[in-house]
Amino acid sequence: MGNRPNIVSPWKAAYDQFSPDDIVSAGTSFMAGNGYLGYRGTFPEWRAREYAACIVSDTYDMADGTWKELCSIPNALVTKTELNSREVSLHTGAISGYVLGIDTSAGITYGSYRWEQDGHSCGISFSRFAHLEQIHTIPQRIIITPDCSGELKLTTGIDGDVWSLHGDHFSSVTPRKYQQSLAAVCITAEKGLEITCSQHCRISGAVPNHISVIHDDRSLYREYTIPVNAGIPVVIEQVMSVHTIHDVSSPLEHSLQHGSDASAKGFDQLLLEQKTAWSREWQRFDITLEDEENSEDQLLFRFNSYHQRIATPSHTDHLPIGARGLSCQAYQGAAFWDQEIFNLPMYIHTDPDIARKLLTYRYKTLDGARKKAKRLGYSGAFYAWVSGDTGDELCPDYFFREVITGRPIRNHFNDWQIHISPDIAYAVLNYYRITGDWEFMTVHGAEMLCEISRFLFSRSSFRKDRNRYDILRVLGPDEYHENVDNNAFTNYQARYVLQGTLDILSQLEQQDPQMFRMLQQRLKLSSDEYIWWQEMTQLLYLPPPNESTGFIEQFQGYFALEDASPEELTQRLLDPQEYWGAPIGVAQDTQVIKQADVIQLFVLHTDLFSREVMEKCYRYYEPRTHHRSSLSPAVHAIAAARLGMKHEAFRYFRTAAAIDLYSTHAPVSGGTFIGGIHTAACGAIWQTAVFGFAGYRADDASLSFDPLIPEAWKTLSFRLAYRGQGFHARISNSFVTVTADKGNTRSLVFSSGESRYTLEPGKILTYTPR
C-alpha cells in the first residue's frame, strides 16, 4: 500500500505524488483497454521493471510447462527522453507537479510531471488510450516543453524486454525497420502463434537534425536528436498496432497498414472517435447519482464499470472475460464462475448482444467440458474451473505454495468445485428469462442445459436408506473448506438447473417438435434421463433452515467445526502470506469462511427463503467471513440492501467498490501472484446499485423496484433492457420514475405492492414504491 489516488472528478482519479510503491497498483487501475488488448497505466519511459505491459487476448500459450496464460508482448510505445545529455525520468532529478490518472469517460490514461536537474528543466505530459472501435490500435501523445534551449534526444521504438509472470513466451522476436515504422514479429514457444506489433511515430513542434537506429536481438528503436527552444513544446504522436494470426492471415502486413492509416488520421481525430464510442457505451450502463458532491461514490461506480467493459471481448464470441481481465497475466486470462455470476448480469440487463456472445463462448467450449467430465468418470459437461479458449481445464493441481517450506499445496479447485457447471446453466436460464431469446435457447442453450444436467445426475449419489440424492466431496464458493458434502449453494443451484432444464425441454417439445427431436437424436437423450432428472429435482437433499435457529448449514458438519473468528485465526499464522484454506490452512477446521456462500445463495435465489431466515443466516455468517475473495463484499452489500440493512449495505458497497482503485487486496496469496484488476468485483458493483440499492426485480408478470437508497445519493439512475424493450429508471426512496424508449414495440408492466402500472412506448411513469 502506497499513496491513495485522488478523486479528481466524477469521471477521473489520479495520483499527485510519485511513490515506487504505487507503480503496480497504478499500472493496474489506470490501464487502457478495449477487450482485445490491455495496456497498463505506466509512463512512456517505463519498462518491464516498472511492470509496463501490453496483454493481448486470444494468445494463450505455456512457457513454463505449468501455466497457460495470455502473452505480454513487446512494448511499442516506450519513449526515453534526454535534455542536454541528462536523462529525464521520474528516477532522476527533482520532480514536481506529478500526475498519473485515468479518465473513465473515454478510457484515457494520462500523466505529467516537471523535471529539473543541474539548472535544466522541462515538463512532460502524455495521453494514451486503447481505441474502442479500432481495437488493434493504441494511440499515444507525448508533449515535452523545455524551459531551456538546447538538445532533446528521444529514443522510441519497440522494447523486447517483456514483463511476463511465468517465463518467456516467445521462441523468437524479430525486429523489423521500415521507412515510416518499426515492427516486431513474435512467435510463441508452445503453439508457434504469430503476434506482430508495430510503432508509427510523428514529431511536430521541432525538426530532428539527426535520426539513428538502435537495435539488439529483440528490441528496435529510433533515436531522434532535436534542437529545442525554451517554452516551445515538442509533440510526439505514436500509434501501436497489434495483430495476431488468429485475427488475420498476415499479421505483419495488417499491423503496418492499420497503424499507418491510424497515424495518418492524427491523435486528435482518433481521440474524437474514442470519445464518441465511449459516450455510446456509457449511455447503456452508466450508474448516475443525483448529488454531484458524492463524486467519490460516482467515480467508484464508473471506475468499476469501465474496467468491466474493457475486460470484455465484445468483438468475438469465442473468448471469455478473464478473472484479471487484460491487466496482467494473473489467473491466465481465463474465465471462472465469475463470468456468469458477476460479469454477465450487467450485460444481460443492458447489452444482451454482449451477453449472448459470452454465453456462446461457453457453448463453443462445451466439448472441453464434456472431455473433463469423461476424464473424471462422469457424464455430460463439467466445465473447467479455469477456462481459456478451448474450454480445457487450465487450473493446475498445485495452485498455492506452503510459504514456510515452499512445498506446493494440492488444492481441488479443478475437480471438486463442481458448481461452475450449474452456475453456467443458471446464467443461460437467467439470460433467457430476461431477454426472451428463444433462438439462442434452441440453438445453444438447451444443449448446454442437457449436458450440465447429465453431469449433475452422474455426479450425485443416491442414498436408499434416506431416499434422497446427495452431492458429495465438493467445494462451494467458500474455498477454505474442501471435500465437503451437500454444500447448500451447490445443491440448491443443481436443483434449480435440473428443473429449469426440464421446463425448457417441455417448452421446446411443444413449440418446435422438430428441433426437440433433433436435440434428442444429437445428444442421444433417453426417456430414462428425463425421469432421472425429475426424480433428482424431487429427492435432492436441500439443507433446510434449522427449526430452532433458522440457520442453513453451509455443508454437512459445518456447525460442528470450531467456532472462531477471522481475527482469532490471524493470530495463529506463522507467516502473513499463509494460505488459510485446505488442506493445511488455519481456517479448514473452523467456521471461518473465505467468502459469501450461503449469502451468495440468497442473492441468486431470494424467492426460495423467508426474509427471517435470510436475516438470521446473514447475522450468523457475516462475522465468520474473512472476505479474502474480492467477490464477497459486493455480495454482502446486495444481501444487506435487500434485508433493509442500509448502513451495512453502504459499508460493504464502499469496501467492494474501492478494492482496485485503492488497492485494498494483497497481490500475493500463498506464494502465488494474483494481482491485477478484479473484474468480477467490478461487475458486481453494477449489481449492488441495480439489484441491491434500487431493489430491481424482473419476472414474467412485472418489473419492480424496492429501493433502499443511501441518503447522500438522493437518487440512482440507470438504463435497463427487458425482452427487447428499453427504459430509463430514476429511483429514490420516495418515488420511482421510469421512461420508456420511444422505439419500444410494446408496453411494460411495473408493480409496487398490490398496484400495477402500465408504461407505454415513449411515455413516463412515476409512482411511489411500497
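In this report, we go over the structure that sits alongside the text. (Residues numbered from 1 in each chain as written. Predicted model: local features only at pLDDT ≥ 70, side-chain atom pairs only at ≥ 80, totals over all residues. Heavy atoms only, no water.)

**Description of the overall build of the protein chain**
Okay, step 1: Helices and strands together make up the secondary structure of the protein chain, namely 19 helices and 34 strands.
Okay, step 2: Overall, the protein chain is about 90 × 60 × 60 Å in size when its C-alpha atoms are taken along their principal axes.
Okay, step 3: Per-residue burial over the protein chain gives 63% buried out of 770 residues.
Okay, step 4: Taking all contacts inside the protein chain whose residues are at least 6 apart in sequence as the whole, residues at least 24 apart take part in 67%.
Okay, step 5: Only carbon and sulfur atoms are counted for the fraction: they give 47% of the accessible area of the protein chain, which is about 27800 Å².
Okay, step 6: Taking the average location of the 70 positive side-chain charges in the protein chain and that of its 91 negative ones, the two points are 3 Å from each other. (Helix = DSSP H or I, 4+ residues; strand = E, 2+ residues; numbered from the N terminus. Buried < 20%, exposed > 50% of the residue type's maximum accessible area, 1.4 Å probe, protein only. Contact = heavy atoms within 4.5 Å. Areas by Shrake-Rupley, 256 points an atom, 1.4 Å probe, with all protein chains shown as cover. Lys, Arg positive; Asp, Glu negative; His and termini not counted. Charge placed at Lys NZ, Arg CZ, Asp CG, Glu CD.)

**A word on the sheet that holds strand S12 (residues 137-146)**
Okay, step 1: With antiparallel pairing, 10 strands are arranged side by side in an open sheet as S1-S2-S9-S10-S11-S12-S19-S16-S15-S14. The open sheet terminates on both sides in strands that have one partner only, identified here as strand S1 (6-7) and strand S14 (170-177).
Okay, step 2: Taken together, the 4 bridges between strand S2 (residues 12-15) and strand S9 (residues 94-103) define a ladder with antiparallel strand orientation. Each residue of the ladder has a partner; that of Tyr15, found in S9, is Leu100. (Pairing = 2+ DSSP bridges.)

**A few points about the packing of helix H17 (residues 632-642) against helix H18 (residues 646-657)**
Okay, step 1: For the pair H17 and H18, interaxial distance at closest approach is 8 Å and the crossing angle is 160°. By the angle between their directions, the pair H17 and H18 is classed as roughly antiparallel. Here H17 runs over H18; the crossing is left-handed. Between H17, through Pro633, Ala634, His636, Ala637, Ala640 and Ala641, and H18, the contact on the second element is made entirely by Glu648, Ala649, Tyr652, Phe653, Thr655 and Ala656.
Okay, step 2: Of the residues contributing to the contact of H17 with H18, the split by class is 9 nonpolar, 2 polar and 1 charged. (Axes fitted to C-alpha atoms, helices over the stretch in contact; angles between N-to-C directions. Parallel < 35°, antiparallel > 145°, perpendicular 65-115°, else oblique. Left-handed = near helix turned anticlockwise from the far one by under 90°. Nonpolar A, V, L, I, M, F, W, Y, C, P; charged D, E, K, R; others polar.)

**Points about the pattern of salt bridges**
Okay, step 1: Enumeration over the complete set of coordinates arrives at 49 salt bridges.
Okay, step 2: Of the charged contacts in the structure, one is a salt bridge between Glu190 and Lys68, with a shortest N-O distance of 2.8 Å. Of the two residues, Glu190 sits in the loop between strand S15 (181-188) and strand S16 (194-204) while Lys68 sits in strand S6 (residues 68-73), which places them 122 residues apart along the sequence.
Okay, step 3: For Lys68, a relative accessible area of 15% translates into the label buried.
Okay, step 4: Between Glu529 and Arg454 there is a salt bridge, with the nearest N and O atoms lying 2.7 Å from each other. Linking Glu529 in helix H13 (residues 527-539) with Arg454 in helix H10 (residues 438-459), this pair joins segments that are 75 residues apart in sequence. Summarising the burial analysis for this pair, Glu529 and Arg454 share the class buried.
Okay, step 5: One salt-bridge network, in which partners are shared between bridges, spans Asp367, Arg370, Glu447, Glu451, Arg454, Arg522 and Glu529. (Salt bridge = Lys/Arg side-chain N within 4 Å of Asp/Glu carboxyl O.)

**Considerations on the sheet that holds strand S17 (residues 210-215)**
The strands making up a sheet associate through backbone hydrogen bonding, with each pair oriented either parallel or antiparallel.
Okay, step 1: The strand order S8-S7-S13-S18-S17 describes an open sheet built from 5 strands, whose pairing is antiparallel. Only two strands of the sheet have a single neighbouring strand rather than two, namely strand S8 (86-88) and S17. Direction aside, neighbouring strands of the sheet carry axes that sit 25° apart on average.
Okay, step 2: Examined bridge by bridge, strand S7 (residues 75-83) and strand S13 (residues 150-159) share 7 bridges and lie antiparallel to one another. Each bridged residue has a counterpart across the sheet, and for Asn75 the counterpart in S13 is Asp159.

**Some details on helix H16 (residues 611-621)**
Okay, step 1: Looking only at H16, the buried set comprises Val613, Met614, Cys617, Tyr618, Tyr620 and Tyr621. For H16, the angular spread of the buried residues around the axis is 165°, confining them to a single face.
Okay, step 2: Taken together, the buried residues of H16 touch helix H15 (598-604), H17 and H18. (Arc of directions from axis to C-beta.)

**Topic: the state of the cysteines**
Okay, step 1: Applying the stated criterion across every chain yields a total of 0 disulfides.
Okay, step 2: With no disulfide of its own, Cys328 has Cys682 as its nearest cysteine by sulfur position, at a separation of 12 Å.
Okay, step 3: The buried category is assigned to Cys328, whose relative accessible area is 2%. (Disulfide = S-S within 2.5 Å.)

**Overview of helix H12 (residues 513-523)**
One full turn of an α-helix is made of 3.6 residues, so residues set three or four places apart face in the same direction.
Okay, step 1: Buried within H12 we find Phe516, Leu519 and Leu523. Mapping the buried residues of H12 onto a view down its axis gives an arc of 60°, with all of them on the same face. Exposed residues on H12 whose side chains face more than 90 degrees from its buried face are Gln514 and Gln521.
Okay, step 2: Taken together, the buried residues of H12 touch helix H7 (366-375), H10, helix H11 (488-511) and H13.

**Re the pairing of strand S5 (residues 54-62)**
Okay, step 1: For S5, the tally of buried residues reaches 8 of 9 residues, placing the bulk of the element in the interior.
Okay, step 2: Sheet analysis places strand S4 (residues 37-39) next to S5, joined by 3 bridges and oriented antiparallel. By the bridge assignment for S5, Gly38 is matched with Ile55.
Okay, step 3: As judged from the 5 bridges shared by S5 and S6, these two strands associate in the antiparallel manner. Among the inter-strand pairings, Val56 is bridged to a residue of S6, identified as Cys71.
Okay, step 4: Between the end of S5 and the start of S6, which pair antiparallel, lie 5 residues, with Gly65 showing a positive phi angle near 85°.

**Quick look at the nonpolar core**
Okay, step 1: Counting residues in hydrophobic clusters, the biggest one holds 235 residues, and the most contacted among them are Met240, Tyr696, Phe705, Leu716, Phe718, Phe727 and Phe750.
Okay, step 2: The contact partners of Phe718, leaving out residues within four places of it in the chain, are Asp286, Ile287, Val690, Ala694, Phe705, Phe727, His728, Ala729 and Ile731.
Okay, step 3: Counting 8 residues, the second-largest nonpolar core is a separate cluster that includes Ala106, Ile108, Val239 and Leu271. (Core = buried A, V, L, I, M, F, W, Y, C linked by side-chain atoms within 4.5 Å.)

**Structural notes on the packing of aromatic side chains**
Okay, step 1: Counted according to the given criterion, the structure contains 58 aromatic pairs.
Okay, step 2: Aromatic side chains Trp11 and Trp282 sit 5.1 Å apart centroid to centroid with 75° between the ring planes, which places their arrangement in the edge-to-face category. Linking Trp11 in the loop between S1 and S2 with Trp282 in helix H3 (residues 267-285), this pair joins segments that are 271 residues apart in sequence.
Okay, step 3: Seen in terms of ring centroids, Tyr558 and Phe559 are 5.6 Å apart; in terms of plane orientation they differ by 65°. Their pairing is edge-to-face.
Okay, step 4: If you follow Arg302 out to its NZ or CZ, it ends over the ring of Trp11, 3.6 Å from the centre.
Okay, step 5: When the ring centre of Tyr620 is taken as reference, the NZ or CZ atom of Arg624 above it lies at 3.7 Å. (Phe/Tyr/Trp six-rings, centres within 6.5 Å; stacked < 30°, edge-to-face > 60°. Lys NZ or Arg CZ within 6 Å of the ring centre and 35° of its normal.)

**Examining unusual backbone geometry**
Okay, step 1: In the segment running from Ala582 into Pro583, the intervening peptide bond is cis, with an omega of 10°.
Okay, step 2: Locating Pro583 in the fold gives a position in the loop between helix H14 (566-570) and H15.
Okay, step 3: The phi dihedral of Gln332 is positive, around 70°, even though this residue is not glycine.
Okay, step 4: Checked against the element boundaries, Gln332 lands in the loop between helix H4 (295-310) and helix H5 (338-350).
Okay, step 5: Since its relative accessible area comes to 1%, Gln332 is described here as buried.
Okay, step 6: Of note in the backbone geometry, His627 takes a positive phi value of approximately 55° without being a glycine.
Okay, step 7: Along the chain, His627 falls in the loop between H16 and H17.

**Considerations on the environment of Gly762**
Okay, step 1: Relative to the elements of secondary structure, Gly762 occurs in the loop between strand S33 (755-759) and strand S34 (764-767).
Okay, step 2: Since its relative accessible area comes to 32%, Gly762 is described here as partly exposed.
Okay, step 3: Distance in space between the C-alpha atoms of Gly762 and Gly726 is 9.9 Å, their sequence separation being 36 residues.

**Notes on the pairing of S34**
Okay, step 1: What you see with S34 is a clean split: Leu765 and Tyr767 sit on the buried side and Ile764 and Thr766 on the side with no burial.
Okay, step 2: With 4 bridges joining them, strand S31 (residues 736-740) and S34 adopt antiparallel strand pairing. Counterpart to Val736 in the pairing with S34 is Tyr767.

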